[in-house]
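The residues making up each chain are set out below.
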Number of protein chains: 2
Amino acid sequence: MKLQEILAKLKDCGYKITPQRQEIVSLLMRENRHMTVEDIYGKIADRYPNLSLDTVYRNVGILERLNILTKSDFGDGKGRYRIKESDGHRHHLICLKCGCSEEMDFCPLDYIDHREIKDKNFSIKKHNFEIFGYCSECVQKEGQPVAERNK
Amino acid sequence: MKLQEILAKLKDCGYKITPQRQEIVSLLMRENRHMTVEDIYGKIADRYPNLSLDTVYRNVGILERLNILTKSDFGDGKGRYRIKESDGHRHHLICLKCGCSEEMDFCPLDYIDHREIKDKNFSIKKHNFEIFGYCSECVQKEGQPVAERNK
DNA sequence: TGTTAAATAAGAATGATTCCTTTTTAGGAG
DNA sequence: CTCCTAAAAAGGAATCATTCTTATTTAACA
């Protein structure tokens, strides 16, 4: 999805196109990786000296609800957001250190036995599938990964 | 894994077997579902009037590190813990309302193309696969699910 | 160009989790 | 059985991500 399309979608849903909103969306498109609210805030605050953290939170929330962003949990208590792929449904290899993510054109729901779930009368609302580890760049670097919690 | 085995594992790892610790483990075994720290605390506080929340946090942390518990994120900012299955590796259908979970003997890593990941030089540390929705009991009940966030 | 609902900034409030300090205790040694 | 000590617990303060509140500003339509 292109920036213009995203802005159009926002507009269609009754949201105003503010400069802050544009910055947030275009940053996330440019970076194309999982970012914390703090990350986003940090990158934009240069240009918008009095940007509010709350504005970032509010907007990633909206963008998530509109299915423009996905939220992930690396296990360190911070939400991480990234642009959702447009061409269907992908999952990611996520680097615990740098936060970069590689796409996988793979969804476990394609392989699971849905009859079994139907039989259980379970109504699926969402699912998570993420593989965490270290990307090729970080695997050779030393240092504690940001989101590592095992001692 | 039986209670005795878990206690033995704790001991082997140099942890003391305290009554609080036993209560926490046996509660989680009895309930066999995802519980928040508050849930656990609430159930045990009857018998241990001056149990500390911190004690529950400390212990579920230890138990998670020892691979006795798994932690899940339902998306509402609270960690949820449950006993990990002993006989290998399972994933769960998790009810967003009551927190119960049904086992699935399915792991997406069995279906994924590992060569592709190897080629990317990605080093896997852990993965998440959870399906969220409503269990057969909750699907027919009204009311807002605890962890629902979409408006 | 004026109007108004929506969005923002700023900072306070909340809530889960962690940290700190003091007291208690499990469990091994003697 | 008693002592000793490191580990654990209690209690409460501190932290940190996130959300809320209020006053101010602004996008966007008429």
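Our structure is the block above this text.
Because the structure is predicted, anything quoted here is derived from the model rather than measured. (Residues numbered from 1 in each chain as written. Chains lettered and ligands numbered in written order. Predicted model: local features only at pLDDT ≥ 70, side-chain atom pairs only at ≥ 80, totals over all residues. Heavy atoms only, no water.)

(A) Structural view of the protein's contact with DNA strand D. DNA strand D sits among 22 residues. The nearest are D54 and Y57 of chain A together with T18, T55 and R58 of chain B. Backbone atoms, meaning sugar and phosphate, form 76% of the atoms of DNA strand D found within 4 Å of the protein. The contact in question runs from a phosphate oxygen of DNA strand D to an N or O atom on the side chain of Y57 of chain A, over 2.5 Å. A distance of 3.3 Å is found between a sugar or linking oxygen of DNA strand D and a backbone nitrogen or oxygen belonging to G77 of chain A. At the level of elements, α4 (53-65) of chain A together with α2 (19-31) and α4 (53-65) of chain B are the ones that each hand at least two residues to the surface near DNA strand D. (Near = heavy atom within 4 Å. Polar contact = N/O pair within 3.5 Å; in protein donor to acceptor, adjacent residues only side chain to side chain. Helix = DSSP H or I, 4+ residues; strand = E, 2+ residues; numbered from the N terminus.)

(B) Structural detail: the environment of Y111 of chain B. Turning to its location among the elements, Y111 of chain B is positioned in the loop between β5 (101-104) and α5 (114-119). Residues in contact with Y111 of chain B, not counting those within four places in the same chain, are F106 and Y111 of chain A together with F106 of chain B. (Contact = heavy atoms within 4.5 Å.)

(C) Summary view of the pattern of salt bridges. Taken as a whole and judged by the stated rule, the model has 18 salt bridges over all chains. We note a salt bridge from E103 of chain B to R90 of chain B, for which the minimum N-O separation is 2.2 Å. Residue E103 of chain B is found in strand β5, and its partner R90 of chain B is found in the loop between β3 (79-83) and β4 (91-95); the two are separated by 13 residues along the sequence. For E103 of chain B, a relative accessible area of 27% gives the class partly exposed. Residue R90 of chain B is classed as partly exposed on the basis of its relative accessible area of 23%. Connected through salt bridges with shared partners, the residues E31, R33 and K43 of chain A form a single ionic network. (Salt bridge = Lys/Arg side-chain N within 4 Å of Asp/Glu carboxyl O. Buried < 20%, exposed > 50% of the residue type's maximum accessible area, 1.4 Å probe, protein only.)

(D) Focus on the nonpolar core. Counting 36 residues, the largest nonpolar core has I112, F129 and I131 of chain A together with I112, F129 and I131 of chain B as its most contacted members. Elements with a minimum of two residues in this core: β4 (91-95) and β6 (123-134) of chain A together with β4 and β6 (123-134) of chain B. Sequence-distant contacts of F129 of chain B, that is, excluding residues within four places in its chain, are made with P108, L109, I112, H127, N128 and F129 of chain A together with H91, H92, M104, F106 and P108 of chain B. (Core = buried A, V, L, I, M, F, W, Y, C linked by side-chain atoms within 4.5 Å.)

These figures come from the coordinates and say nothing about function on their own.
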